[in-house]
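# Notes for the structure review
Here is what each chain is made of, one letter per residue.
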Amino acid sequence: MVHLPRWQVILILLVVLLGVIYASPNLLFSRDQADQMAESAGWVPHQQISLGLDLRGGVYLLSEVDLDYVFAEDRENLAEDIRREFTRDSIGYSDLGDLGDSVGATLADPADADKARDAIAGLSQGLQIDIDDSGVIRVTFSEAETRTRANQIMAQAIEVVRRRIDELGTREASIQRHGDDRILIQVPGLDDPQRLKEIIGKTAVLTFRFVNENVRPGGPIPPSSEELPAADSGRSGLPGSYVVSKRVMVSGDSLTSASATFDQGRPVVSFAFDAQGAKRFGDATRDNVGKLFAIILDDQVISAPVINEPILGGRGIISGSFTTQEAQDLALLLRAGALPAPITYLEERTVGPGLGADSILAGEIASVLGLIFVVVFMVGAYGLFGALASVALFVNLILLMAALSVLQATLTLPGIAGIVLTIGMAVDANVLIFERIREEMRAGRGPVTAVDAGYRRAMKTIFDSNLTTLIAALLLFQFGSGPIKGFAVTLSLGLITSMFSAIMVTRLLVVAWLRSRRPQALAL
Amino acid sequence: MALIRKLPVELNFGFIHRRGLFFIFSAALFLGSIGLFLTQGLNFGVDFRGGILMEVRTPQPADLGELRGRLNALGVGEVSLQQFGEPTDVLINIAKQEGDEQQQILAIEAVKDALGSGIEIRRQEFVGPKIGDELKEAGLLATVLALLGIGVYIWLRFEWQFGVAALIALVHDVVATIGFYSLTQIEFNLATLAAVLTIAGYSINDTVVIFDRVRESLRRYKKLPLPEVLNRSINMTLSRTILTSLTTLLALFALFFFGGEVIRGFSAGLIWGVAIGTYSSVGLAVPLLTFIKLRRGGADEEDTEAETAEASS
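Residues numbered from 1 in each chain as written. Chains lettered and ligands numbered in written order. Predicted model: local features only at pLDDT ≥ 70, side-chain atom pairs only at ≥ 80, totals over all residues. Heavy atoms only, no water.

Another point: the packing of helix α6 (residues 143–167) of chain A against helix α9 (residues 324–336) of chain A. Packed helices, taken two at a time, are described by the angle their axes make and the gap between the axes. Residue and element names in this part refer to chain A. Here α6 crosses α9 at 140 degrees, and the two axes come no closer than 9 Å. One element, α6, and the other, α9, form an angle in the oblique class. Between α6 and α9 lies a crossing of right-handed hand. Side by side, α6 and α9 meet where Val160, Arg163, Arg164 and Glu167 of the first sit next to Leu332, Leu333, Arg335 and Ala336 of the second. Residues of the contact of α6 with α9, tallied by class, amount to four nonpolar, no polar and four charged. (Axes fitted to C-alpha atoms, helices over the stretch in contact; angles between N-to-C directions. Helix = DSSP H or I, 4+ residues; strand = E, 2+ residues; numbered from the N terminus. Parallel < 35°, antiparallel > 145°, perpendicular 65-115°, else oblique. Left-handed = near helix turned anticlockwise from the far one by under 90°. Contact = heavy atoms within 4.5 Å. Nonpolar A, V, L, I, M, F, W, Y, C, P; charged D, E, K, R; others polar.)

At the junction of the two partners, chain A supplies 69 residues and chain B supplies 77 residues. Applying the counting criterion to the chain A and chain B interface returns eleven salt bridges. Glu439(A) is the salt-bridge partner of Arg213(B), the closest N and O atoms lying 2.8 Å from each other. Taken together, the residues of the side of chain A that touches chain B sort by class into 37 nonpolar, 15 polar and 17 charged. Judged from the five bridges that link them, strand β18 (residues 343–351) of chain A and strand β4 (residues 120–127) of chain B form a sheet pairing that is antiparallel. Looking at the pairing, Glu348(A) lines up with Phe126(B) of β4(B). (Salt bridge = Lys/Arg side-chain N within 4 Å of Asp/Glu carboxyl O. Pairing = 2+ DSSP bridges.)

Okay, the domain arrangement of chain B next. All names here are of chain B. In terms of domains, chain B is made up of domain 1 (2–43 + 131–312) and domain 2 (51–127). Placing the centre of domain 1 and that of domain 2 at their C-alpha centroids yields a distance of 41 Å. At the junction of the two partners, domain 1 supplies five residues and domain 2 supplies six residues. Across the interface of domain 1 and domain 2, roughly 410 Å² is buried in total on both sides, 68% from carbon and sulfur atoms. (Domains from an automatic or database assignment. Buried area = accessible area lost by both parts, 1.4 Å probe.)

All names here are of chain A. Taken in spatial order, the three strands of this open sheet run β13-β14-β17, and their pairing is antiparallel. The two strands at the open ends of the sheet, each matched to only one other strand, are β13 (255–263) and β17 (315–318). Averaged over all adjacent pairs, the angle separating strand axes in this sheet is 25 degrees, with direction ignored. One ladder, built from eight bridges, connects β13 with strand β14 (residues 266–273); its direction is antiparallel. Looking at the pairing, Asp263 lines up with Arg266 of β14. In the packing of α9 onto the sheet, contacts are made with β13, β14 and β17, and the angle to β13 comes to roughly 170 degrees.

Written out as structure tokens, the structure reads:
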């Protein structure tokens, strides 16, 4: 072991050199410079360690898409379709409706079963239709159909969330599907996390409907209408709620553009419909001059203007009691489109930029001090050999930095803790080796044989002990979330790089020293 | 230089001889920790119990009493405030709100309004009831799997008797760490759970090093009685055990004192765990081997295999 083959020497030096090259962008450049280099330099290593949200500041949002909402809508629509088909084919039925997990109905004449089955089967693919002998019908969406639908909704929801975040002008946001019905949103470096949450959380379903002026709010309401609260309820002089028709005149799907602007000095949102929407809006307003229509966002009436004249150009403005910011946000939501289903936040972690910067500083101080403590201790305890181990410790840190940069693993605050822990534990391999060498010398061996036997015998122990820690670290990675994953990453990488540096690098140094000095005894 | 030479060369403490003492201490520690856990439980953080956590910085040193009065008047249930590092920094803990996720978000809004502008919100965490339960499950699963995984590894690399002793020591360390968090009432969150798992890894690391030596000594000193072999093995590796613990502790103390408020609870647990893990390797894992019938003797198949393997490496 003392006679290192040349190829091993070259390999060790090469690894260290690569480590230095790949770690260098972290030390040489500021973050902005590195970003610029990423655009210009092709092959030159420019990647820096990517910092987690807890260090950069930012928002981590885990949200859940209410798929059941869409499924319930689908079942209601299916029930309506069945009603239409049955009426057309003159099939007698009763009790048609949504049963919570299926659509049910009862045939007046069980003999119509086959006719009914054909009528329903023609409506859509992936329907599972059960009709028993007494004419009771149960229609469910097949599992494959439900899954396809869920995937479609999730993809759509993610797309809408992405558009909204892009509209906010934020860079580097990460929006990922998480499990069956969740979206994980991570946005670094935001000044106003509250606004982000408000904007993402709005379903933003916009509809234009007529106000039912025959019914007073609070009174009995016909089934074709519903009572909705006003968005600015409580403001004097305006009603707190409106009775509006359930029938939608035009919906937000038909919008082609929306922007915040001013009208008579007040912030408003101007919009434009596509051709079809413009025609429908034009027809409806032409026939109903003098009546009220309501602009409704997520079941709240934003405003309910009088139709003074037919609106034929497909353009209009929404004037509620907005602040400038609210008008901008509404325009943004209308441009980005509505979410296919409401979403709720399950988990939020927001770190302000101030705390992030403080954490980085604290982490740096702790790392440097940890390093100094350990180096002083090792040199004090082992003299020259301790100094060699300290060199290996530096190499270890450089390799760890390089590995984090190349893998683009995210460094979190617990991740920094992992690095500090690695600093403390990394010298363990060297301690094991040095203690072995000491023992061999006590057993009467000369320097060269003692070093040789020390490395050889310690090796197995080092592997055993490091692998057990690695098992714990890998499980942490598998089951930990967010920042904890970061801890597992630096701990695992640190274990691997420390094995290399503590074994290979110190061996190279010790062997070089033995060869050049040819000492008669070791200062251990 | 090289102060290590000042250490006595042949250490010979009677660890095995005093094992009764260690066992009593460990049993007390173990039972005490379980007792603490059962009586006062853990101070679960927002990760596991769900709820809202905010770290805010006030322009002037914070008046906790005044803030508490303001927030308690909101009717969002139990609000606890605590100074966090700097005198201007306050940690606000709000219990899980009745009802669904939406209620939690409303509570955050109410608190923010009550705090008013001029207060910097440095951190805001909200964990809904659903996620809290999921994180708890995942955490428990990770801990159990880590213990099992490590046990299996030891069982594969050593004889099963070693695996049993290591696993007992490991469970001892994990329980003692839980006891530590229960006693100090330091917040138990995802990070502290990571600390517990790291301690499991560290403690076993320490144990494996001594076990390795035990295995080697068993082959080398075939005539010596088992307790004597075990005692020698501990003593031969003692300087390494102490040195490594010290370097690790040095790094951890740097983390504890300078790493910032957010991870202080995490580093405190690690410091305790490294100390306990070191103790348990020497005082528990190896002495336990005296109760277990270890296979000795030269004509053993595995031993020969291992020796040839070593000779050829």
